[in-house]
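The primary structure of each chain is shown beneath.
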Amino acid sequence: MAMQRGLIHPQSRAVGGDAMTPILMVLIFLGLSLGSRTHVQAGTLPKPTFWAEPSSVITQESPVTLRCQGNLETQEYRLHREKTSASWIRQISQDLVKKGQFPIQSIAWQHTGQYRCQYRVHTRWSELSDPLELVMTGYYSKSTLSALPSPVVTPGGNVTLQCGSQVAFDGFTLCKEGEDEHPQRLNSQPCTRGSSRAVFSVGPVSPSRRWTYRCYGYYSRSPYVWSLPSDVLELLVPGVSEKPSLSVQPGPVVEPGETLTLQCGSDVGYDRFALYKDWGPDLLQRPGRQLQAGLSQANFTLSPVSHSHGGQYRCSGAHNLSSEWSAPSDPLDILIAGQFLDRPSLSVQPGPRVASGENVTLLCQSQGWMYTFLLTKEGAADAPVRLRSKYQSDKYQAEFPMSHVTSAHAGTYRCYGSYSSIPYLLSHPSEPLELVVSGGGFRQDPAPPPPLILYPGPSRGPSPPPTDPTPTPGGPGDQLVTPPDLDPQSGLRKHLMVATGVSVALVLLLFLLLLFLILRRRHQGKRWTSAQREADFQHPAGAVEPEPTGRGLQRRSSPAANTQEETLYAAVKETQPEDEVELDTQVRPRPCPGHQRPPGAGSNPAGLLCPPSPALSTIQGGPSVSSTLPPACCDLTLSWCPGTLWASSRVPFLLLILCSAV
């Protein structure tokens, strides 16, 4: 037997060992599986989900519901409060408990604490849920929350938030709104008697998220009973969108007790605006008013103004659907006057009345020490000019030069003094100084040309108006200077007076000429009527007027008439070269009224004959009389016949005078 055992073939052993290895592996797997199944059956179920509706931080006397949720096979729920039991839980309806609901109609300090829940499936209970802290707020006076040094934080930076109270709390809690982050708790730092505070660090911040916080105070003996919440503090993380503009009304320098209005506006159409002071803890927010399409604005009123309002302000804009703020506006300094007893003095060189284009220097001086001086102009929207003071001639002073002044520099000026440690608080203002700039200076609009005036005299075309040099934009040295005595308005008034006088004179002259013509015509008409009657009376009844034969006229048989005709012909003969008025031979001549033919007239049978009323035809615009009659008849007609001399000689002369006057 021994021989047989020792003779076991080595190969048979190897085969037997290989057969045992799978068997061991199967046994081990079955043992592990059974052990795991036994642990599940005897151990706990997964922990449930536990939360509070509407929140775990509830204002005093507000309703809240604690909810616990297990799996679908859950048959029972339990609610536990750590350290102390909660008697209010036993008062809840079993129907609500089976659903995992634990309502509180009006929360009180007895309901506060740290809670957990679990559920049961058949005979097995689940693990306990994560703890939930049920907090009641509003039991103490509220705390204050501020950002140090400012609520405006650069992207990626950190900020310090300080929560303080006039109540000596043992600790403070900082909560971030809108997120389910666990609140930060800190014990209060030593502070003055009756007050407390805690300092929290927040960051790094980014513009893509909203950073809104509140803080509460509490006592260590009741850590779940908090004070009223502080005001909301939102950190402003500027982005890269277009910056708005910031302005102030009525001006950046204001006396204590007055009212200031800061206006933040943009053409991007922001829905809300924020105003903040550099290195200040406050951040004011206002909704934007849509003035027109794409243009919005918000007004921030500071009233009554005090020394605490002094500083440098900026504003930013944002859209409601975005947490990102715009880039900050340009800074605006708000200066509070009347904070020091010293009052500087303001003077001007060479004087308060200067001509346009001259150089002016305003000098602000003070007997007491001043670090800087500020110069302001009444009604100007620009920021005041600030200069460092210099000690000279036993006074602290600063010079404000103005080169090539124009009418835009005219106005009322004042100066103030300030200290280096508080640059936004100013002294009392100096006495106002009125700067008067005479002369037209740089004209914004070209002056109108002088009016065209007509003077009596020969007609000639109007001369072209003088050309004024057109002002071109440029520096102060290129501005146009007008002497005071060459004021365009005064020259215009003079021209209007002269034109009015000439117009009145012309109207009077025309009226007098018209009156003279009417009277003259009436007078000649009377003379013609009387002469006609006399001629009719002397002419015998039934007498026949001589008819012309050939180029001449028949003579009268009376010797006396012939003699009278020759005498008249000889008398009128001398005026022939001057008048030279020709009459048409086709017009039938008629005798001159009141006269008879001179005896012995033979060469000029028409000596006593006149053309038919050429004066009336000339005045009334009728056809003129052409020259066909002999010169003797024309001379006799022009010199002797009534009405003919005026029409043919004086009327053209008067018309010539009238045309020259016009």
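From a predicted model like this one, the values you see are computed outputs, not experimental measurements. Every chain's residues receive numbers from 1 upward, in the order its sequence appears when written. This being a predicted model, a pLDDT of at least 70 is required before a residue's local features are given, and a value of 80 or more before pairs of side-chain atoms are given or counted; all residues contribute to the totals for chains, interfaces and linings. Side-chain metrics in this entry use all non-hydrogen atoms of the structure; hydrogen atoms and water are not considered.

Trainee: Which parts of the structure should I look at to understand the state of the cysteines?
Mentor: Cysteine sulfur atoms that pair up within 2.5 Å are treated as a disulfide. Tallying each qualifying case throughout the model produces four disulfides. Here Cys163 is linked by a disulfide to Cys215, with a sulfur-sulfur distance of 1.9 Å. Its S-S torsion of about 75° marks the bond between Cys163 and Cys215 as right-handed, since a negative value means left-handed. A residue pair is termed long-range when its members are at least 10 positions apart, and Cys163 in strand E10 (residues 159–165) and Cys215 in strand E14 (residues 211–219) qualify at 52 residues. Cys215 shares its class with Cys163; the two are buried. The secondary structure listing takes helices from DSSP runs of H or I that are at least 4 residues long and strands from runs of E that are at least 2 residues long, numbered from the N terminus. Each residue is placed in one exposure class: buried if its accessible area under a 1.4 Å probe, protein chains only, is under 20% of its type's maximum, exposed if it is over 50%, and partly exposed if it falls in between.

Trainee: I tried to follow the confidence of the model for the protein on my own but got confused; where do I start?
Mentor: Where the model shows low pLDDT, its predicted coordinates should not be examined in detail. Summary statistics for the protein give a mean pLDDT of 74 and a share of 64% for residues scoring 70 or more. pLDDT is a per-residue confidence score from the predictor, ranging from 0 to 100. Contacts are assigned to residue pairs that have any heavy atoms within 4.5 Å of one another. In this model residues 26–42 is a low-confidence stretch, pLDDT under 50, and it forms two contacts with partners more than four residues away in sequence or in other chains.

Trainee: Would you mind showing me how to read the pairing of strand E23 (residues 295–302) here?
Mentor: In summary, the side chains of a regular strand alternate between the two faces of the sheet. Paired strands, in this sense, are two strands between which DSSP finds at least two bridges. The pairing of strand E19 (residues 260–266) with E23 spans seven bridges and is classified as antiparallel. By the bridge assignment for E23, Gly265 is matched with Gln297.

Trainee: Could you clarify how one ought to interpret the UniProt feature "transmembrane region" (unreviewed entry) in the protein in this entry?
Mentor: UniProt positions are given in the numbering used here, feature names are shortened, and annotations may be inferred rather than shown by experiment. According to UniProt, the feature "transmembrane region" (unreviewed entry) maps to residues 496–519 in the numbering used here. Between the end C-alpha atoms of residues 496–519 there is a gap of 35 Å, over a span that is 100% helix and 0% strand.

Trainee: How do you make sense of the pattern of salt bridges when you look at a structure like this?
Mentor: Think of it this way: side chains of opposite charge can pair up when their charged atoms draw near. Note on definitions: salt bridges are taken to be side-chain nitrogens of Lys or Arg within 4 Å of carboxyl oxygens of Asp or Glu. Throughout the structure, instances matching the rule amount to twelve salt bridges. In this structure, the salt-bridge partner of Arg120 is Glu76, at a minimum N-O distance of 3.0 Å. Linking Arg120 in strand E6 (residues 113–121) with Glu76 in strand E4 (residues 76–81), this pair joins segments that are 44 residues apart in sequence. The salt bridge involving Arg210 is made with Glu234; its shortest N-O contact spans 3.4 Å. Of the two residues, Arg210 sits in the loop between strand E13 (196–202) and E14 while Glu234 sits in strand E16 (residues 233–235), which places them 24 residues apart along the sequence. Its relative accessible area of 38% is what places Arg210 among the partly exposed residues. According to the relative accessible area criterion, Glu234 is buried, its value standing at 9%. Connected through salt bridges with shared partners, the residues Arg210, Glu234 and Arg272 form a single ionic network.

Trainee: What should I look at first to understand the side chain of Ser129 in this one?
Mentor: Relative to the helices and strands, Ser129 is located in the loop between strand E7 (124–125) and strand E8 (132–140). Judged by its relative accessible area of 1%, Ser129 is buried. Once residues lying within four places of it in the same chain are set aside, the contact partners of Ser129 are Lys47, Pro48, Phe50, Arg116 and Cys117.

Trainee: How should the nonpolar core be read in this particular structure?
Mentor: Soluble globular proteins tend to pack their nonpolar side chains together in the buried interior. In plain words, nonpolar cores are sets of buried Ala, Val, Leu, Ile, Met, Phe, Trp, Tyr and Cys residues tied together by side-chain atoms within 4.5 Å. Counting 46 residues, the largest nonpolar core has Leu66, Leu79, Trp88, Phe102, Tyr115, Leu161 and Leu235 as the members making the most contacts within it. Shared between two domains, this core holds at least three residues of each, these being domain 1 (49–136) and domain 2 (141–235). Counting 20 residues, the second-largest nonpolar core is a separate cluster that includes Leu260, Cys264, Phe273 and Val305. Start and end positions for the domains come from either an automated domain assignment or a database one.

Trainee: Would you mind going over a nonpolar patch on the surface with me for this structure?
Mentor: The grouping of Phe511, Leu512, Leu515 and Leu519 at the surface amounts to a nonpolar patch, some 400 Å² of accessible area in total. Residue placement: Phe511 occurs in helix H4 (residues 488–538). Residues enter patches when they are more than 30% accessible in relative terms and free of salt bridges; like-charged ones are connected within 9 Å and nonpolar ones (Val, Leu, Ile, Met, Phe, Trp, Tyr) within 5 Å. Surface exposure here means Shrake-Rupley accessible area, sampled with a 1.4 Å probe, where a residue is shielded only by the protein chains that are shown.

Trainee: How should the packing of aromatic side chains be read in this particular structure?
Mentor: Stacked, edge-to-face and tilted are the three classes for Phe, Tyr and Trp ring pairs, Trp counted by its six-membered ring, which pair at centre distances within 6.5 Å; planes under 30 degrees apart are stacked, over 60 edge-to-face, the rest tilted. Following the criterion strictly, the structure yields twelve aromatic pairs and no others. Here the aromatic rings of Phe169 and Phe172 are separated by 5.9 Å at their centres, their planes lie at 85°, and the arrangement is edge-to-face. Residue Phe169 shares its accessibility class with Phe172, and that shared class is buried. Consider the rings of Trp369 and Tyr419, whose centres lie 5.6 Å apart with planes at 10°: the pair is stacked. Placement of Trp369 in the loop between strand E28 (360–366) and strand E29 (372–377) and of Tyr419 in the loop between strand E33 (411–418) and strand E34 (433–438) is noted, with a sequence separation of 50 residues between them. An aromatic cluster is defined as three or more aromatic residues linked by ring pairs; in this entry it consists of Tyr139, Tyr140, Phe169, Phe172 and Tyr219. In our convention, an over-ring charge means Lys NZ or Arg CZ found within 6 Å of a ring centre and within 35 degrees of that ring's normal. Across from the ring centre of Tyr219, 4.7 Å away, lies the NZ or CZ of Arg221, which sits over that ring. Cation over ring: Arg272 sits above Trp325, and NZ or CZ is 4.5 Å from the ring centre.

Trainee: Whenever I open this one, unusual backbone geometry confuses me. Can you help?
Mentor: For residues other than glycine, phi is negative in most cases, and the peptide bonds are mostly trans. Residues Glu53 and Pro54 are joined by a peptide bond in cis, for which omega reads 5°. Summarising the element assignment, Pro54 is placed in the loop between strand E1 (49–53) and strand E2 (57–59). Cis geometry marks the peptide bond from Leu148 to Pro149; its omega dihedral reads 0°. Mapped onto the secondary structure, Pro149 falls in the loop between strand E9 (144–148) and E10. The phi dihedral of Glu61 falls on the positive side, at around 70°, and the residue is not glycine. Residue placement: Glu61 occurs in the loop between E2 and strand E3 (64–69).

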